[in-house]
Every structure is written in structure tokens, then in C-alpha cells.
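Chain residues, written in single-letter form:
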Amino acid sequence: ASASGKNSDKILSTESVPRDTYEEFIETFGSTYVIEDIEMVRDDFFRESFAEIHVRTLISIPICFNEELIGCLNAFSLNEIHIPSEDEKTFLHALTSLATTAIVNAKLYHKAQEGQHRLQILSRQLVQAQETERRKLAHELHDEIGQTITYLNMIFEASLKTLAADNILSVK
């Protein structure tokens, strides 16, 4: 079950199987299915897609996590029919288990990175809000203190005038 030479480029560019088609195959063939000869498949999508790259036998194992289909592991033979042995199936199931772990871990890592990124954005927004509030408070305090000083200055000047007037009156 390998690919080499000019067919490998075609294999990498083959369209993915639509999810509903894949789930229908799982229902029909079970969780692990072997298509011994692609040429005998009635489904045009499968036959045409895989015949183009000379696939003859296909084994597919769904990659599931918490009852959710997250992918599938496909192995195939090129140009000739190859019915996989039980040992080969066991090996592919072990690979599927490792792939499931790797995919789930990658998704969790991606979610953790997204969470960290959101946390950084929220932290920046919090700091900006705090700085805006500090500037606003400083401006308000500055205005209030300025008004208080102006008021006190006016009282002081009025008091000086009153004292001066009293002094003038008492001096006379």
C-alpha cells in the first residue's frame, strides 16, 4: 500500500470524499472497510477518482473522537488487487489510533493558542481601558483642583480687599 513516482502528485491532489458519502460507506461496509477492487464499485465518484491514479484496492478506517468523525486513514494498492491481512489491518488500526491522538492534540493546542491570543487581546483592552480611565480621572481632578484653587484665590482676594477696606476704615 504505497505510492511512488508520478502517481504520488495525483494522490495528493485527489478531491476529498464528501462526508455524507464516507458516512454512507461506513454504514454499508462497517467501521473498517476494504474495497478489494475499485473497478467493481458502483459509486461513480469513487471509481473515477481512484481509477485515475490506478488504485485497485482500498482500505479505509474512520478517525473518530467522542463519536465524531474527524477524518479517515486510507491505504491502497496501485495497479493490482491486494487484500490486506489481519496483521496489516491491525497495523492500520494502530496507525489510526496514533493519528486520532495527534489530530486531537493538534486541535487542543490550536484551541489553547486561540485562547491565549484572545486573552492577550482582552489584556490589552483592559490596559487601554484603565489608561483611558486614568487620563479621564486625571483630567477631572485637574479641572476640579483648578476650579478649587481659582475659588480659593477669589476668596483670598476678596478677604484681602475686605481686610484692606477694614484697615482703611480703622486707620481713618
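Residues numbered from 1 in each chain as written. Predicted model: local features only at pLDDT ≥ 70, side-chain atom pairs only at ≥ 80, totals over all residues. Heavy atoms only, no water.

**Examining the confidence of the model for the chain**
Here's step 1: With 85% of its residues at a pLDDT of 70 or more, the chain shows a mean pLDDT of 83.
Here's step 2: The secondary structure element of the chain with the lowest average pLDDT is helix α1 (residues 7-13), at 42, and the one with the highest is helix α4 (residues 86-171), at 91.
Here's step 3: In the predicted structure, residues 1-14 sits below a pLDDT of 50 and forms 16 contacts with residues beyond four places in sequence or in another chain. (pLDDT = per-residue confidence, 0-100. Helix = DSSP H or I, 4+ residues; strand = E, 2+ residues; numbered from the N terminus. Contact = heavy atoms within 4.5 Å.)

**Here's the deal with the side chain of Ser49**
Here's step 1: Looking at where Ser49 falls in the secondary structure, it is placed in helix α3 (residues 44-51).
Here's step 2: At 2.8 Å, the side chain of Ser49 and the backbone oxygen of Phe45 are in polar contact. (Polar contact = N/O pair within 3.5 Å; in protein donor to acceptor, adjacent residues only side chain to side chain.)

**Here's the deal with the pattern of salt bridges**
Here's step 1: Per the stated rule, a full pass over the model turns up four salt bridges.
Here's step 2: The closest approach of N and O atoms between Arg56 and Glu39, which form a salt bridge, is 3.8 Å. A residue pair is termed long-range when its members are at least 10 positions apart, and Arg56 in strand β2 (residues 55-65) and Glu39 in the loop between β1 (33-35) and α3 qualify at 17 residues.
Here's step 3: Under the relative-accessibility criterion, Arg56 is labelled buried at 18%.
Here's step 4: Where Asp44 meets Arg47, a salt bridge forms, and the shortest distance between an N and an O atom there is 2.4 Å. Separated by three residues within a single helix, Asp44 and Arg47 lie in helix α3, roughly one turn from each other.
Here's step 5: According to the relative accessible area criterion, Arg47 is partly exposed, its value standing at 25%.
Here's step 6: Residues participating in the shared-partner salt-bridge network are Asp37, Glu39 and Arg56. (Salt bridge = Lys/Arg side-chain N within 4 Å of Asp/Glu carboxyl O. Buried < 20%, exposed > 50% of the residue type's maximum accessible area, 1.4 Å probe, protein only.)

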